[in-house]
Amino acid sequence: MAALAAGGTAWVWLRYDFEKVNWTWGVVAGVIAVYVLLDQLFRSGTAGLAEAAAHRRAAADELVELIRRDPTDDALLRTVDEPYPLPVRWRTAPDRFLPSWRAIGRSSAAVPVDLAGGNGTLWSCYRRVPSGRLLLLGPAGSGKSILALRMARELPVHREPDTPVPVLVPADSWDPDREGFHDWLVDRIARRYPRLAAGHPRRDAVLRDLIDTDLVVPVLDGLDEVPEDRLVACLDELNTLPTQRFVLTCRTSVYERYLIQGEKLRGAAVVMLEPPAPAEVADYLVDAAPLHHVDNWTAVASTLGDAPQLTAALSTPLMVAMARSAFDQPGTDPRDLVPLARERGQRSVEDDLLTRAVDAALRSRRGSQGLRRWEPETARRYLAFLAAHMESLDVREFRWWQLANAQPGPFWALVAGARTAVAVWLTLTLSADALTATAELVTHPPTRNLLDDLVRQTDALTLAAFLLASVVALVRGSGRAGRERPRRVAFIGGLRAFRDGLLGGLFAGAFLALCTFGFLTAFAPTPQLVALLDRVPELPPWSDPVRAAVVVGLVSWAYGAVRAGLRVDVAAPAAELGATSVVETLEADRAASVASALASAATGVLRLLIVVAALRLTGVLSAVPPLPSLVYAGVGLGLGWWLHRRGGGAWMRFALTRATLAVRGRTPHRLLAFLAYAETVGLLRDGAGAYRFRHCRLQSRLAGGSVSARRGSRLREELGVELARAGYWPEGLGVFADVTQARAASIGHADDLTVAALRRALLAGAAAGEWTRLASLLALIPPPTEPTPLAVQRVARLIADDASVTQLLVAAEELSQAATGVTPESASATRPAAPGVQEFLAVLHHISGNAEAARTRLDLLRTAASQDVGEPAPIGAGLLAGLLVDDGEPATALVICHQELLLADQPPDRVDLLLLAETWRWSVEVMRRNTDEQAELRRRIRAALARRRDHPRRIELGRRELAELGLQLCHAVIEHQTLGPLAVAAFRRLVAVRTEPAIVVQTVNRSAPMWHGG
């Protein structure tokens, strides 16, 4: 049709003239308009509704077929369902998770419904929920995503016409602050299935009709991967849509945080996944084992149920799948898991499975169809670097524009200098002819000499620009690396923008007209300007200043209106969450960079021509330089400005970093292809424009021991460790508290890195006696929501009622006996009965004045920690360190602190973090109520003043004071990208001076810390 229209237009133009072309197209447009008008007037409303229903049913049928034929889902299901799906069951959640059954049933007469089920019948379970709102909860690795995927493919081949279609949609790409739920859902479905209703002229309307008529049931997978602030907004948005049907998957602990705020998903039934039975796991592992491992897996399966640590390690579908893939190659023996579980515990088994599963995935043949493969050792090295890079940023998502943070500060300083040097060289080289021609037209000798020097001294100016820009970037720390967000090209003009441009251009034109009139009134117009004004048609015979002002104002007005109506933003923020893949945002930013460079070149040419014309009309130039030289100069100016100001965008930084790391062997040249390969083999997953490791433990395992991970908060945490090791406990608390809060906000309170920082903060705070700060820090961890034993509830009530220490002691002793089933006298001397409670008991004995009992229990905690048994006791270690300093044993106190600081990197095994944090809260709250922190501070201040009175004019400048000055200097530059690692290295040297016993005593008895906060 386009070729026919173009050919017809050319024939009419050549046969007649251009006026006939206008007349012909006017007739065609009129005929089309009359046809559309008559079609809208005489179309039957009933026929329109019937046609919409037909389109809707056809789109639903097409959507079912597209879901069934999705090759990505097929490959994933074939991987996890061989030889058969591992049985997964669920049960109806306890009442505290559920709204009333009347709200779920949408009726005052509704009764509870048993939603228990399993083995791939989640869609049948969902159809029994009257409200059509189902929430699926479970711990990490319990199979929520696989169940959601199976549900989306569970429909029979021949379904009823009005049966809703479940569609799997990742929840992490939704931001309620940017778009509503229905708009986001339409966009996600349209992007996920581009062939759906592709031939319909109103495709978005058809998709929205599917959602409005409940023919689509969104299966929102991975709500727990949404940041906490957005998670609450998402749940609140769903609560504002009471009739919206959906299925939602989420971790139990994440949804519990929402329950703490007093909210629930309204009208939503809740089911909870249960771990598979040990017998089912044993049968599955034997049936899925390769022939050469059947006997070995049979031996392992016979111990399941009897070996609690191994059974607990293989209690989730994720770990079962890891175990299956970890031992599928010859030369491996799954029987190694049995002694490992017996000697090292559940966590060691899980770490070993993660390590072996990585090697097995990289050796597998998955990902070879249509994708390049990498050698296992090489791929593992690449993955380890990426994991360490993500650990250094305290993130669980790899976003390509953050790769620039992997390069040190001096590198980006040199890049900034090189970019500025290229900009200067490009500008001067392309402007050489224009500068030479302009120098010949200028009569002012200094100006002529300056223009000649710019042409002759190009190399010298380029070198000077490189040195100056590099030094400035190095001094500023090059902190902008990795902060650039991806951009895209966006049309922001239109009719409304044109109307706004008319109004804005009117004011701008009036202002410029007044400025022009004033200037030409003060200075007589040149003959060139008068001649130009005389050539303007239909301009009234006013005075020259008035005519010039009118022309300038009208041109400015028209330019502003047209510019606003046709404006294209070449630096609009890219839709990171709305992206369906990492490549989408990368290509958008690359296109924006190219468009920005072209726009800068065009703008440079236009502005240079305007400046030269103004100089010619005002008589500064006696003639105009050649037009080609001016165009080259404008391009050089535009591109030079773009290189200097915008040449360090996200895509260019990523390309440069990728090339540099590839040369060093850290990442492959085709990084995005490698990430796609890692996703195919099951180590990564893609969502919301970012890649994630399948399990956060996998990321930490790969990054372990890497030097690249020692950046960001890891570097600050090392600084805090060195501070606490030298007795600077308040300063160390400030560092650990900042790190804990930052990690809790970015990766969650239950992450291993957050728990490690929290343990160190508790240790430093307990040693420093800053219980109020610790109480506010522990508020980051929500209280346990699972039903707790009566003894735990009793202690919690006593603390809430501000009971006496004697009552708390009795309740804590009962809790210790109830937790272990033994009496304190029969408890092991090397493994306390209940370390969390033992720590609380030690605190209570300390407050009651029973120093001997407190020291005994604290020594038991220390012995248990050194033997890698029991649970972490950071408060007890800090309290013991403070007591040892008071007893004149500062060296022993520092050894205990250092030991506990190092043990914090080992995550607690078989420990409920919420329950452990609750006992920590008890200890901190009791100490806060029974310790007068202000009185202790006043005592230290009075002691410092007394020492000052004894030596009124003495200035002490010994090893201690010089080392403290060095510590303050190191702390000041710890955030610097270049000097930070050097500061930590120097810090260790200075701390060695500060660990002498006499200096430690002075340090812990200071009246004020060296600095406040982290």
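What you are looking at is a predicted structure, and each value in this text was computed from that prediction instead of being measured. For every chain, the first residue of the written sequence is number 1, and numbering continues from 1 onward in sequence order. Under the rules for a predicted model, residues below a pLDDT of 70 receive no local features and side-chain atom pairs below 80 are neither given nor counted, while totals for whole chains, interfaces and linings still include all residues. The side-chain values count all of the structure's non-hydrogen atoms but skip hydrogen atoms and water molecules.

**Q** Whenever I open this one, the overall build of the chain confuses me. Can you help?
**A** Per the secondary structure count, the chain includes 45 helices and eleven strands. Burial classes: relative accessible area under 20% of the type maximum marks a residue as buried, over 50% as exposed, and values in between as partly exposed (1.4 Å probe, protein chains only). Within the chain, the fraction of its 1014 residues that count as buried is 46%. Accessible surface is estimated by sampling points in the Shrake-Rupley manner with a 1.4 Å probe; for residues, cover comes only from the protein chains shown. Put simply, the chain shows about 49300 Å² of open surface, and 59% of that area lies on carbon and sulfur atoms. The numbering of helices and of strands both runs from the N terminus, where a helix is a DSSP run of H or I of at least 4 residues and a strand a run of E of at least 2.

**Q** Is there a simple way to explain the packing of helix 8 (residues 181-192) against helix 9 (residues 203-212) in this structure?
**A** For any two helices packed against each other, one specifies the crossing angle of their axes together with the interaxial distance. Comment: axis = line fitted to C-alpha atoms, over the contacting stretch for helices; angle = value between 0 and 180 degrees taken between N-to-C directions. The geometry of helix 8 relative to helix 9 is characterised by a closest axis approach of 10 Å and an angle of 120 degrees between their N-to-C directions. Here the hand of the crossing between helix 8 and helix 9 comes out right-handed. Contact with helix 8, carried on its side by His182, Asp183, Leu185, Val186, Ile189 and Ala190, involves Arg203, Asp204, Leu207, Arg208, Ile211 and Asp212 of helix 9 and no other residues of that element. Per-class residue counts for the contact of helix 8 with helix 9 are six nonpolar, one polar and five charged. Helix crossings are classified by the rotation of the near helix relative to the far one: an anticlockwise turn of less than a right angle makes the crossing left-handed, while a clockwise turn makes it right-handed. Pairs of residues are marked as contacts when any of their non-hydrogen atoms sit within 4.5 Å. Gly is placed with the polar residues, together with every amino acid not listed as nonpolar (Ala, Val, Leu, Ile, Met, Phe, Trp, Tyr, Cys and Pro) or charged (Asp, Glu, Lys and Arg).

**Q** Please explain the side chain of Asn239 as it appears in this structure.
**A** Secondary-structure assignment places Asn239 in helix 10 (residues 228-239). Apart from the residues within four sequence positions on either side, Asn239 is in contact with Arg133, Tyr258, Glu263, Lys264, Leu265 and Arg266.

**Q** Sorry if this is basic, but what is going on with the pairing of strand 11 (residues 690-693) here?
**A** Here strand 11 shows no split at all, with Ala690 and Arg692 on one side and Tyr691 and Phe693 on the other all buried. When DSSP finds two or more bridges between two strands, those strands count as paired. Here four bridges tie strand 10 (residues 684-687) to strand 11, and the two strands are oriented antiparallel to one another. The residue of strand 11 that forms the bridge with Leu684 is Phe693.

**Q** What is the right way to look at the sheet that holds strand 2 (residues 117-118) in this model?
**A** In any sheet, the strands associate via hydrogen bonds between backbone groups, in a parallel or an antiparallel arrangement. Spatial ordering of the open sheet is given by 2-1-7-3-6-5-4, a layout of seven strands whose pairing is mixed. On the outer flanks of this sheet lie strand 2 and strand 4 (165-170), each paired with one strand and no other. Two elements, strand 3 (residues 133-138) and strand 7 (residues 269-274), share four bridges in a ladder whose sense is parallel. When the bridges of strand 7 are listed, Leu135 appears paired with Val270. Running over the sheet, helix 8 touches strand 4 and strand 5 (216-221) and is turned about 95 degrees from strand 4.

**Q** I'm lost on the pairing of strand 4 in this one. Help?
**A** Of all six residues in strand 4, five are buried, a share of seventy percent or more. Examined bridge by bridge, strand 4 and strand 5 share six bridges and lie parallel to one another. Opposite Leu168, over in strand 5, you have Val219 as the bridge partner.

**Q** What should I look at first to understand the UniProt feature "transmembrane region" (unreviewed entry) in the chain in this one?
**A** UniProt positions are given in the numbering used here, feature names are shortened, and annotations may be inferred rather than shown by experiment. Per the UniProt record, "transmembrane region" (unreviewed entry) is found at residues 21-38, 460-479, 500-525, 594-617 and 623-643. Helix makes up 81% of residues 623-643 and strand 0%, whereas the separation of the span's terminal C-alpha atoms amounts to 31 Å.

**Q** Got a minute to help me understand the nonpolar core in this structure?
**A** As a rule of thumb, nonpolar side chains are buried together in soluble globular proteins. The set of buried Ala, Val, Leu, Ile, Met, Phe, Trp, Tyr and Cys residues whose side-chain atoms join them within 4.5 Å is what this entry labels a nonpolar core. Membership of the largest hydrophobic core comes to 74 residues, with the highest contact counts inside it found for Val167, Leu223, Leu248, Tyr255 and Leu265. One finds Tyr284, Ala379, Met390 and Leu684 within the second-largest nonpolar core, a separate group that totals 65 residues.

**Q** Just to check I follow, could you spell out the environment of Trp651 for this structure?
**A** Turning to its location among the elements, Trp651 is positioned in helix 28 (residues 650-663). Distance in space between the C-alpha atoms of Trp651 and Ala591 is 9.4 Å, their sequence separation being 60 residues. Once residues lying within four places of it in the same chain are set aside, the contact partners of Trp651 are Trp400, Leu586, Asp589, Arg590 and Ser593.

**Q** What should I look at first to understand the packing of helix 26 (residues 582-617) against helix 28 in this one?
**A** At their nearest, the axes of helix 26 and helix 28 sit 8 Å apart, and the two run at 110 degrees to each other. In this view, helix 26 runs roughly perpendicular relative to helix 28, as classed from their interaxial angle. Residues Leu586, Asp589, Arg590 and Ser593 of helix 26 pack against Ala650, Trp651 and Phe654 of helix 28. Of the residues belonging to the contact of helix 26 with helix 28, the class tally is four nonpolar, one polar and two charged. Throughout, the term roughly parallel applies to angles under 35 degrees, roughly antiparallel to angles over 145, roughly perpendicular to angles from 65 to 115, and oblique to all others.

**Q** Quick question: what am I supposed to make of unusual backbone geometry here?
**A** Peptide bonds are trans in most cases, and residues, glycine excluded, mostly fall at negative phi. A positive phi is found at Arg106, a non-glycine position, where the angle reads about 55 degrees. Counting through the fold element by element, Arg106 comes out in the loop between helix 5 (101-105) and strand 2. Residue classification places Arg106 among the partly exposed residues on the basis of a relative accessible area of 44%. Non-glycine residue Ala197 carries a positive phi angle of around 50 degrees. Secondary-structure assignment places Ala197 in the loop between helix 8 and helix 9. The buried category is assigned to Ala197, whose relative accessible area is 10%.

**Q** Hey, could you run me through the pattern of salt bridges in this one?
**A** Where charged atoms from two side chains of opposite charge approach closely, those side chains can pair. Whenever a carboxyl oxygen of Asp or Glu lies within 4 Å of a side-chain nitrogen of Lys or Arg, that contact is scored as a salt bridge. Taken as a whole, this structure holds 30 salt bridges when the rule is applied. Ionic pairing is found between Arg760 and Glu717, a salt bridge with its closest N-O pair at 2.6 Å. Of this pair, Arg760 sits in helix 33 (residues 752-768) while Glu717 sits in helix 31 (residues 713-725), and the two are 43 residues apart along the sequence. A relative accessible area of 4% means that Arg760 is categorised as buried. Taking relative accessible area as the criterion, Glu717 reaches 5% and is therefore assigned buried. Across the salt bridge formed by Arg857 and Glu813, the nearest N and O atoms sit 3.1 Å from each other.

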